[in-house]
Amino acid sequence: MRIVEMLSRPRPSVSFEFMAPRDESEVDVLERTVATLAGHAPDWVSVTYRLRTGEKTLELVTRIKRHYHIEAMAHLTCANSADRTRQILNWMEREGIANVLALRGDSQNPGERFTPADPQLTHGSDLVAFVRRNGYRFGIGAACSAEKHPESPDLDHEFRYMKLKVEAGADFLITQLFFDNRFYFDLVARARAAGITVPIVPGLMPVPSRRSLAVMTAMSGATVPVSLQAAIDRAPDEEAVRNIGVGHCIAQCAELLEAGVPGLHFYTFNRARGPIEILSALRGQQLLAS
Ligand code: FAD
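Residues numbered from 1 in each chain as written. Predicted model: local features only at pLDDT ≥ 70, side-chain atom pairs only at ≥ 80, totals over all residues. Heavy atoms only, no water.

Asks: Kindly report on the sheet that holds strand β4 (residues 99-102), identifying the contributing residues and their values.
Replies: Overall, parallel pairing links the nine strands, which are arranged β7-β6-β5-β4-β3-β2-β1-β9-β8 in an open sheet. The two strands at the open ends of the sheet, each matched to only one other strand, are β7 (200-201) and β8 (203-204). Relative to strand β9 (residues 263-267), helix α10 (residues 238-258) is tilted by about 160°, and along the sheet it contacts β8 and β9. (Pairing = 2+ DSSP bridges. Helix = DSSP H or I, 4+ residues; strand = E, 2+ residues; numbered from the N terminus. Contact = heavy atoms within 4.5 Å. Axes fitted to C-alpha atoms, helices over the stretch in contact; angles between N-to-C directions.)

Structure, rendered in structure tokens:
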């Protein structure tokens, strides 16, 4: 089923993003996380893509669909040549994958700029257009930033290319993580004023640790509100940081749900505990159906 159909229902969808395992050592944790979170009734899930582990993404997406009967979307990036991209898309189609998240991708080496493998595919919008132009019938998602992308000069630049992705054929957008809902509300208001009507799903990350927060804010461009940063600075240990992160994410989700968002997309980093605590709190507050 196309994810955009789920996002058009009156009740918000819940989705989890899993990271494809980079090596065998990550497989067990991932398997346990998928099994645990599958029991918490997500409407759909997605699996990240990296050049070196691309086959694992496709295997995992197919397995989640078959074994758990949950709609699973494969991420795909501009890391491949056009020919290889076509092969991957053909494979996905044969396996019955219905949705693809078309991204540019980040460099494999932190701090380095992304280098495209093919001049036809240099940005997320190119991959969206490529999937459409080649006649594939996937539902297509694309990424957008509620705050400035680290490579962008300003938000106007960011907005222009987000619009291009929708014009190229993206059915829905998922935001990069953010910790202040005002950025999301501003983005949606600006999109609607510009005639962009596709669902814009907020991407949420409960802060897992000080270290992960530093890595993720550097990569995504997300800023941390002063009050959240102060609470993290005062936290006596990493367990307290995690609890603060979960509490902050619950408050963010509650406000987003009250504002009528089409869904909540959780960056799980292959950890189940945070998302479970957040969903349980939201269901307890009757903000989400049980
Ligand atoms: P783009 O849209 O290409 O944007 C990148 C930069 O280029 C931005 O500054 C943008 O403003 C600018 N830009 C865009 N189009 C043009 C243009 N035509 N001309 C000039 N400038 C332009 N990364 C992975 O490697 N694997 C994953 O599985 C993955 N999953 C993700 C899932 C989600 C929901 C999100 C939000 C991000 C994910 N990422 C993933 C990270 C993503 O690849 C990075 O955020 C990347 O830096 C941008 O991807 P994009 O598709 O938005 O790129």
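Now, onward.
Asks: So what about the packing of aromatic side chains? Which residues, and what values?
Replies: Within the structure shown, the criterion is met by five aromatic pairs. When the ring of Phe178 is compared with that of Tyr184, the centres are 5.7 Å apart and the planes differ by 10°; the resulting orientation is stacked. With a relative accessible area of 4%, Tyr184 lands in the buried category. Aromatic side chains Tyr184 and Phe185 sit 5.9 Å apart centroid to centroid with 65° between the ring planes, which places their arrangement in the edge-to-face category. Since its relative accessible area comes to 27%, Phe185 is described here as partly exposed. Pairwise contacts between aromatic rings join Phe178, Tyr184 and Phe185 into one cluster. (Phe/Tyr/Trp six-rings, centres within 6.5 Å; stacked < 30°, edge-to-face > 60°. Buried < 20%, exposed > 50% of the residue type's maximum accessible area, 1.4 Å probe, protein only.)

Asks: Describe helix α11 (residues 273-284), and please don't skip the residues or the numbers.
Replies: Taking 1.5 Å of rise per residue, the 12 residues of α11 would be expected to cover 16 Å, and the 16 Å separating its terminal C-alpha atoms lies within 8% of that figure. Three or more residues of α11 are buried, namely Gly274, Pro275, Ile278, Leu279, Leu282 and Arg283. Down the axis, α11 shows its buried residues gathered within 155° of arc, on one side only. Those residues of α11 that are buried are in contact with β1 (13-18), α2 (27-38), α10 and β9. With its phi angle positive at about 60°, Gln286 sits one or two positions after the end of α11. (Expected span 1.5 Å × (residues − 1). Arc of directions from axis to C-beta.)

Asks: How would you sum up the pairing of strand β3 (residues 71-76)? Please name residues and give values.
Replies: Counting buried residues in β3 gives six out of six residues, a clear majority hidden from the surface. By the alternation rule, side chains of β3 split into Glu71, Met73 and His75 and Ala72, Ala74 and Leu76, which are all buried. Bridge count for strand β2 (residues 44-47) against β3 is four bridges, and the pairing is parallel. Pairing of Val45 across the sheet is with Ala72, part of β3. The β-α-β motif built from β2, the intervening helix α3 (residues 54-68) and the parallel element β3 has right-handed crossover chirality. With three bridges connecting them, β3 and β4 associate as parallel partners. (Right-handed = clockwise from strand over helix to strand, strands pointing away.)

Asks: Run through the pairing of β4, naming residues and quoting values.
Replies: Here β4 shows no split at all, with Asn99 and Leu101 on one side and Val100 and Ala102 on the other all buried. Summarising the sheet, β4 and strand β5 (residues 139-144) pair through four bridges and their orientation is parallel. Within β5, the position partnered with Asn99 by the bridge is Gly139. Running through helix α5 (residues 124-133), the crossover from β4 to the neighbouring parallel element β5 is right-handed.

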